[in-house]
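Residue-level structural notes
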Amino acid sequence: MTISSQKDPDRYDFVSIETKWQNHWLSEQTFKVDEDSTRLKYYLLEMFPYPSGRIHMGHVRNYSIGDVIARFQRMRGFNVLHPMGWDAFGLPAENAALKHDTHPAKWTYENIDYMKSQLQRMGFSYDWDRELATCDPEYYRWEQLFFIKMYEKGLVYRKLTSVNWCESCQTVLANEQVIDGQCWRCDNQVLPQDMHGWFFRITDYADELLSECENLTGWPEKVLTMQRNWIGKSVGVEINFPVEGTDHVLTIFTTRPDTIFGATFMSIAPEHPLVELSKHTGQTELVEEFVARTKIAKKKQRPGEELEKEGIFIGQYCINPFTGNRIPIFTANFVLMEYGTGAVMAVPAHDQRDFEFAQKYELPIKVVVQPENKQLDSENLSAAFEAPGILTNSAHFSGLNSDDAKSAITAFAEEKGFGKSKTTFRLRDWGISRQRYWGTPIPMIHCTTCGVQPVPEQDLPVVLPPDAKPDRSGRSPLHFLESFYRTTCPSCGGEAKRETDTMDTFVESSWYFARYACPDYTEGPLDRDRVDHWLPVDQYIGGVEHAILHLLYARFFTKVLRDLHYISIGEPFKNLLTQGMVIKDGVKMSKSKGNVVDPNDLIEEYGADTVRLFSLFAAPPERDLDWSDKGVEGASRFLNRVYRFVENNKNLLLNAPAQLPSDLDEKSRALHRKTHQTIRKVTTDLENDFHFNTAISAVMELVNLMLSVVSDEADHEIMPAVIKEAVDSTLLLLSPMTPHFCSELWEITGHEESIEKQTWPSFNAESAKEEEITVVLQVNGKVRSRLLVSPEISDDELKELTLQDDKVQKFVGAKPIRKVIVVPKKLVNVVA
RNA sequence: GCGAGAGUGGCGGAACUGGUAGACGCACUGGACUUAGGAUCCAGCGCACUUGCGUGCAUGGGGGUUCAACUCCCCCCUCUCGCACCA
């Protein structure tokens, strides 16, 4: 970093000041934290970064917000845990390794080193002793242990799953490597292929994950809504339809059992096993052709695009157990195998999709629910009627309303044994297998005689072999590395093969917050006492892009760890703050847009404190931040003004008495008052909703007043003790946001003990009280005049003064006064 | 389509439980200091009319409640984000 700015006489020397204090904090271990039962704990966490190379403005914003809260809470007396680490596994490392002909580990650790230096250059108050990197075997070994414990508990299983397969690269692709249905590397068509993969049974926790949303009062409603939708609970019924002339039963799931008498055909997913029934029906070839075509079309489908509804009769019928009617079975491209049973009863009169399908294939439409205000006719319906209504054409259920019919029909089906009530979730089990190198090895062994076996605990960790390295084949090198996969079966001792899949990197980030409580612990994954002491996280901060996956997985994992008796809590994050994106010129910063601002350039030009100050000042944290180069200059100017003021009044400040005189003159009282009002404002802004922008503007007001009433050192109009109080308060209030700057000025103004050790200033309500208040006088709701009065004034006096007011009299004129409304100490409205 | 959030000066944004709309900052304009000003300081700055005092109009649009609405209610428009054939 250049030191040229040091020579600039117009600016304070932020380079040497920031270096000085960063070294001071490091050597003094200012932010090291231990368990201390005498003080209240506060666990503040920001989402840890992926070590992609260098920090970007999103990090700067996220961590600046976090650092203010950390420093603020320390000054308020909390014992603050504020750790940082690295979400270090992931695909980009493999890609970069290929590109630069290096090893993912080398690339990752070099990035970590560099980014750590950048974070330190920003002056963030982390306890670096707790730093962790998820690619460290000492971290992921415990994750492997969790995996085995979960396996033993039945929370892990293996099943066939459809993956993205590129035939020409002979490799599995991650979803982000599939672009418009084509391979990112060779542009070949990506096809689905069935492969074995490992799954976490997150659906076992679906109900709890949903119901606990209720108690997450410290989370933004937006995030909770997203989580609820993602879990997607729906209550309905499963009904069995026997397939005519076979032993097969087609099971469907519906939330509308009240429409069952209107089912005129069945739709099953192209992947549904009973599609096989088309064999020997004469429809076979057509069906096979349709299924193959649909699978490809689904892969090609762009997000947001809806395929035209299509289907084909599979040549078989099933029987509606309620009516005994024969219903044709179709396979249709809009039925999802992953949801429900992969089969639905089609009720064209009451479901728009089925309606469109029925029209296209000229299938019967039968109205069985009538709206209350009109009569629908099956013959000329223009759209499905999806709302609830009164049942018709439904045997003895006719006449019931939809709600009652739902329970009656469900009960009937259960009683007769051809159905049962059922709750279905949109949430699927979490597929964690990745056919990748740079991830946590899944600690399992495949033995041809004993089947799948977990790696014995004492053999953990299964270390990712450093001698392997991704190559251009695109396939995981673990797959070919005999020294890795060749092993012996822990059960029979025979030859066996290790699992070569690695875990989804979301697994690492699902428990890192717990490990921060005891990163040095070697006896097990978590030191129960310390973890129980620190958790839950009191305040979690990160981008809203993690609102669903990361936060849901972390919640799930916490519950699993609780049930495995590693921790006591069930919810990891008590309060959540999701900060907005950093945008520039109205769009998200991105390389392709060419509007990226590099934090390094800014630090070099203005110093870390200015960068922090502006990113906090420009918008409240939850909103998007519109980056403005001019705005940064404004922040820089402000700090320079404060610096100059302190420098110019150094002697006065050094010699000022610590105690305020008991009797203050009017001008001094005004500054004293503003000081206390500012302390009050900043304190409430910081503790309520982290609105740093308004907190900073309050301090700016104080500084503006200070500058306007104290012109120079010779001017003794304002009592020195009052000036000192104002300056000290300014520095204390600003110190969480611009810590180097305030530390330096704190020292310059003669304080022995560093500012980090100070307690947060408190305000005196009496001092903050206004001596005179402005009361607005309105006539018929329009502001016509103002009164400067004592806050002690009574409503009657106020009314009196209002009616005497010239302006008020002028606007009232000759009209009779009908009413006078007095809002105490605020406003008087005369209605004439 | 469904869900959530947001629309306030030229710009970023303020405004407590309905009670002075536009704090603070940026930009801009005029002035001072100066060899110079991209530094600093002072003043102005929602729009319209007005020499001025002032007056009128303004919080996406339209209605409503109220003495009083950025704030509450109804309808509509726009934007952002999330989900998206979930039966």
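Residues numbered from 1 in each chain as written. Chains lettered and ligands numbered in written order. Predicted model: local features only at pLDDT ≥ 70, side-chain atom pairs only at ≥ 80, totals over all residues. Heavy atoms only, no water.

Around RNA strand B lies a shell of 55 residues, among which Thr255, Lys309, Tyr339, Arg353 and Asn829 are the nearest. In RNA strand B, the atoms that sit within 4 Å of the protein are 67% sugar and phosphate, with bases accounting for the remainder. Note that a sugar or linking oxygen of RNA strand B is positioned 2.5 Å from one of the backbone N or O atoms of threonine 255. If you list the elements that add at least two residues to the surface near RNA strand B, you get helix H7 (221-231), strand S9 (249-254), helix H17 (629-648), helix H20 (692-709), strand S29 (773-779), strand S30 (782-789), strand S31 (819-823) and strand S32 (827-831). The dominant element in the surface near RNA strand B, judged by the number of residues it contributes, is H20, at 6 residues. Residues belonging to the surface near RNA strand B are distributed by class as follows: 21 nonpolar, 13 polar and 21 charged. (Near = heavy atom within 4 Å. Polar contact = N/O pair within 3.5 Å; in protein donor to acceptor, adjacent residues only side chain to side chain. Helix = DSSP H or I, 4+ residues; strand = E, 2+ residues; numbered from the N terminus. Nonpolar A, V, L, I, M, F, W, Y, C, P; charged D, E, K, R; others polar.)

Across the interface, helix H16 (residues 608-617) lies against H17 with an axial gap of 9 Å and an inter-helix angle of 120°. Classified by the angle between their axes, H16 and H17 sit oblique to one another. Note on packing geometry: the crossing formed by H16 with H17 is right-handed. Residues Asp609, Thr610, Leu613 and Phe614 of H16 pack against Gly631, Val632, Ala635, Ser636, Phe638 and Leu639 of H17. Of the residues assigned to the contact of H16 with H17, the class counts are 6 nonpolar, 3 polar and 1 charged. (Axes fitted to C-alpha atoms, helices over the stretch in contact; angles between N-to-C directions. Parallel < 35°, antiparallel > 145°, perpendicular 65-115°, else oblique. Left-handed = near helix turned anticlockwise from the far one by under 90°. Contact = heavy atoms within 4.5 Å.)

A few words on the pattern of salt bridges. Considering all chains together, one arrives at 52 salt bridges under this definition. Salt-bridge contacts for aspartate 67 lead to arginine 71; the nearest nitrogen and oxygen are separated by 2.8 Å. Here aspartate 67 and its partner arginine 71 are both found in helix H2 (residues 57-75), 4 residues apart, which amounts to about one turn of the helix. Considered together, aspartate 67 and arginine 71 belong to a single accessibility category, that of buried residues. Between glutamate 221 and arginine 228 there is a salt bridge, and its shortest N-O distance comes to 3.4 Å. The network of salt bridges with shared partners includes Glu208, Arg555, Lys559, Arg562, Asp563 and Glu571. (Salt bridge = Lys/Arg side-chain N within 4 Å of Asp/Glu carboxyl O. Buried < 20%, exposed > 50% of the residue type's maximum accessible area, 1.4 Å probe, protein only.)

Next up on the list: the sheet that holds strand S24 (residues 539-543). Strand order in the open sheet formed by 4 strands is S2-S1-S24-S25, with parallel pairing between adjacent strands. In this open sheet, the two edge strands, each paired with only one partner strand, are strand S2 (79-81) and strand S25 (576-579). Across this sheet, the average inter-strand angle for adjacent strands is 20°, counted without regard to direction. Looking at chain direction, S24 and S25 are connected through 4 bridges and run parallel. Considered in S25, the bridge of tyrosine 540 is made with leucine 576. Its contacts with the sheet put H2 on strand S1 (41-46), S2, S24 and S25, and the angle it makes with S1 is roughly 175°. (Pairing = 2+ DSSP bridges.)

This part takes up the confidence of the model for chain A. Looking at chain A as a whole, its pLDDT mean stands at 90, while 97% of the residues score no less than 70. Within chain A, the element-level pLDDT minimum falls on strand S5 (residues 178-179), averaging 69, and the maximum on helix H12 (residues 512-515), averaging 98. Counted against residues more than four places away or in other chains, residues 1-6, with its pLDDT under 50, gives 11 contacts. (pLDDT = per-residue confidence, 0-100.)

Under the counting rule described, the total for this entry stands at 53 aromatic pairs. Consider the rings of phenylalanine 146 and tyrosine 566, whose centres lie 5.2 Å apart with planes at 75°: the pair is edge-to-face. Of this pair, phenylalanine 146 sits in helix H5 (residues 137-152) while tyrosine 566 sits in the loop between helix H14 (549-563) and S25, and the two are 420 residues apart along the sequence. With respect to class, phenylalanine 146 is no different from tyrosine 566; both count as buried. Between the aromatic rings of phenylalanine 147 and phenylalanine 200, the centroid separation amounts to 6.0 Å while the plane-to-plane angle is 50°, which identifies the pairing as tilted. Placement of the pair is phenylalanine 147 in helix H5 and phenylalanine 200 in strand S7 (residues 190-200), with a sequence separation of 53 residues. Its relative accessible area of 1% is what places phenylalanine 147 among the buried residues. Above the ring of tryptophan 25, the side-chain terminus of arginine 71 is found at 4.6 Å from the ring centroid. (Phe/Tyr/Trp six-rings, centres within 6.5 Å; stacked < 30°, edge-to-face > 60°. Lys NZ or Arg CZ within 6 Å of the ring centre and 35° of its normal.)

Now for the domain arrangement of chain A. It is common to give the size of an interface as the accessible area that goes away when the parts come together. Partitioning chain A into domains gives domain 1 (41-155 + 202-232 + 430-438 + 505-579), domain 2 (159-200), domain 3 (235-425), domain 4 (599-768) and domain 5 (773-831). The distance between the C-alpha centroids of domain 1 and domain 2 comes to 28 Å. Counting each side, the surface lost to burial between domain 1 and domain 2 is near 1,200 Å², with a carbon and sulfur contribution of 62%. Summed over the shared surface of domain 1 and domain 2, the result is 0 salt bridges. Only helix H3 (91-99), H5, strand S17 (430-431) and H14 provide two or more residues apiece to the side of domain 1 that touches domain 2. Looking at which element gives the most residues to the side of domain 1 that touches domain 2, the answer is H5, with 3 residues. (Domains from an automatic or database assignment. Buried area = accessible area lost by both parts, 1.4 Å probe.)

Here we take up the pairing of strand S22 (residues 495-498). Of the strand pairs in this sheet, strand S19 (residues 444-447) and S22 are connected by 2 bridges, and their pairing is antiparallel. Within S22, the residue paired with isoleucine 445 across the bridge is arginine 498. The pairing of strand S21 (residues 486-488) with S22 spans 3 bridges and is classified as antiparallel. Following the sheet pairing, threonine 487 is matched in S22 by alanine 496. With antiparallel pairing between neighbouring strands as the criterion, S21 and S22 make up a hairpin whose turn holds 6 residues, including glycine 493 at a positive phi of roughly 80°.

Time to look at the environment of leucine 551. Topologically, leucine 551 is positioned in helix H14. Separated by 22 residues in sequence, leucine 551 and phenylalanine 573 have C-alpha atoms that sit 8.9 Å apart. Residue contacts for leucine 551: discarding those within four places in its chain leaves Met47, Trp219, Val223, Gln227, Tyr540, His546, Phe573 and Leu576.

As a further point, take the pairing of strand S11 (residues 311-319). Bridge analysis of S11 against strand S12 (residues 326-332) gives 6 bridges, and the strand direction is antiparallel. Paired with tyrosine 317 across the strands is proline 328, a residue of S12. In this structure, the hairpin formed by S11 and S12 is closed by a connection of 6 residues, where glycine 324 is found at a positive phi of approximately 75°.

A few words now on the environment of histidine 672. Along the chain, histidine 672 turns up in helix H19 (residues 666-688). For histidine 672, a relative accessible area of 9% translates into the label buried. Considering only alpha carbons, one finds histidine 672 and isoleucine 718, 46 residues apart in sequence, at a separation of 9.9 Å. In contact with histidine 672, not counting residues within four places along its chain, are Leu660, Leu664, Val722, Glu725 and Ser767.

Ranked by size, the top nonpolar core spans 175 residues in total, and within it Phe200, Phe513, Leu526 and Trp627 carry the most contacts. Counting contributing residues, this core receives three or more from each of domain 1 (41-155 + 202-232 + 430-438 + 505-579) and domain 4 (599-768). Setting aside residues up to four positions removed in sequence, phenylalanine 200 forms contacts with Phe147, Met150, Leu155, Val156, Asp429, Trp430, Ile432, Val507, Phe556 and Phe557. Ranked by size, the runner-up nonpolar core spans 51 residues in total, among them Ile252, Ala269, Leu274 and Ile365. (Core = buried A, V, L, I, M, F, W, Y, C linked by side-chain atoms within 4.5 Å.)

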